[in-house]
Amino acid sequence: MKQNIEAGSAIRELTPGKPQMLHGYGARVKASEGILDTPQVGCITLRGDSLIVIVTFDMIGMHASEAGTIKRAIEQETEIPSSHIMLSCSHTHFAPGISTTIFSDPRLGITDPDEEFVQLVIANAVAAVGEAVSRLSAAELAVYRCRVPQVPFNRRTINTEGMVETNFMYPLDLAGLSLSPVDDELTVFRFDFEAGGRTYLLNFGCHPVTGGAGEDRDFYKISAD
């Protein structure tokens, strides 16, 4: 399916200036040690009868209060109503967050986010939206959908006795096991700009928990996963 629209896009890096606690695993006991690949905040703006904004973050998620703060900051800078702004997080387990999180180690317990990183996320989100709005231009939108069953599996595996067991890693022996249900549909929105250039927006129902290639070596490295 193809359609002519107006669109604009921009990205900003979310590189913290110092080590951060990574959100996603309560068993971590210390701050990050280096960067495997840099998390980003990305924005796509679309204009039809009205202007809408989609902002994506490489982080595990955020609470409604933090989402509201970011939306208000964007609205104040761009005058785009908060109701026209959608925020989405990739759910990486290897990036800092902007919400309070809980670690299982009693020395850490409930840990608040680093305020400098919070302000960095807000500022870069606002900047990405501003740039994407300024770059609005004629584009052709193409939508593609396909199945990628080789990527996800349901870790709530049903065994041969009909009972559910948890498999965090893909089972080596699949005899009698059921790894369904899963949603394995990949949707790709491709924006081809008349002036040149191309932007993609992907949607895929997956729980990204892979981290780096070395499980122990990369456990404390920042990654968009």
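Shown above is the structure to which this text applies.
Nothing here was measured: the structure is a model prediction, and the numbers come from that model.

(A) Just the nonpolar core, in detail. Val55, Phe57, Met62, Ile70, Leu87, Ile98 and Val121 are the most contacted members of the largest nonpolar core, which has 28 residues in total. Of all elements in the fold, only β3 (40-47), β4 (51-57), α1 (64-78), β5 (85-89) and α2 (115-134) reach the threshold of two or more residues within this core. Here this core gets nine residues from one element, more than from any other, and that element is α2. With residues up to four places along the chain from it excluded, the contact list for Met62 reads Phe57, Ala67, Ile70, Leu87, Cys89, Ile98 and Ser99. Grouped together as the second largest cluster of nonpolar side chains are eleven residues, Ile44, Leu46, Ala139 and Val143 included.

(B) Looking closely at the pairing of strand β1 (residues 2-13). In this structure, β1 lies alongside strand β9 (residues 137-147), joined through six bridges in antiparallel fashion. Residue pairing in the sheet places Glu6 in a bridge with Ala138 of β9.

(C) Quick look at the environment of Tyr200. Structurally, Tyr200 can be placed in strand β13 (residues 198-204). On the basis of relative accessibility, which here comes to 45%, the residue Tyr200 falls in the partly exposed class. In this structure the C-alpha to C-alpha distance between Tyr200 and Leu36, which are 164 residues apart in sequence, comes to 23 Å. Not counting chain neighbours up to four residues away, the residues in contact with Tyr200 comprise Ile44, Val188, Phe189 and Arg190. A polar contact is formed between the side chain of Tyr200 and the side chain of Arg198, at a distance of 3.4 Å.

(D) Geometry of the packing of α1 against α2. Axis separation between α1 and α2 bottoms out at 9 Å; the angle between their running directions is 45°. If you check the angle between α1 and α2, you find them oblique. Between α1 and α2 lies a crossing of right-handed hand. On α2, the residues touching Thr69, Ile70, Ala73, Ile74, Glu77 and Thr78 of α1 are Val121, Ile122, Ala125, Val126, Val129 and Gly130. Among the residues making up the contact of α1 with α2, the classes are represented as eight nonpolar, three polar and one charged.

What counts, and where the lines are drawn
Residues numbered from 1 in each chain as written. Predicted model: local features only at pLDDT ≥ 70, side-chain atom pairs only at ≥ 80, totals over all residues. Heavy atoms only, no water. Core = buried A, V, L, I, M, F, W, Y, C linked by side-chain atoms within 4.5 Å. Buried < 20%, exposed > 50% of the residue type's maximum accessible area, 1.4 Å probe, protein only. Helix = DSSP H or I, 4+ residues; strand = E, 2+ residues; numbered from the N terminus. Contact = heavy atoms within 4.5 Å. Pairing = 2+ DSSP bridges. Polar contact = N/O pair within 3.5 Å; in protein donor to acceptor, adjacent residues only side chain to side chain. Axes fitted to C-alpha atoms, helices over the stretch in contact; angles between N-to-C directions. Parallel < 35°, antiparallel > 145°, perpendicular 65-115°, else oblique. Left-handed = near helix turned anticlockwise from the far one by under 90°. Nonpolar A, V, L, I, M, F, W, Y, C, P; charged D, E, K, R; others polar.

What is shown is where atoms sit, not what they do.
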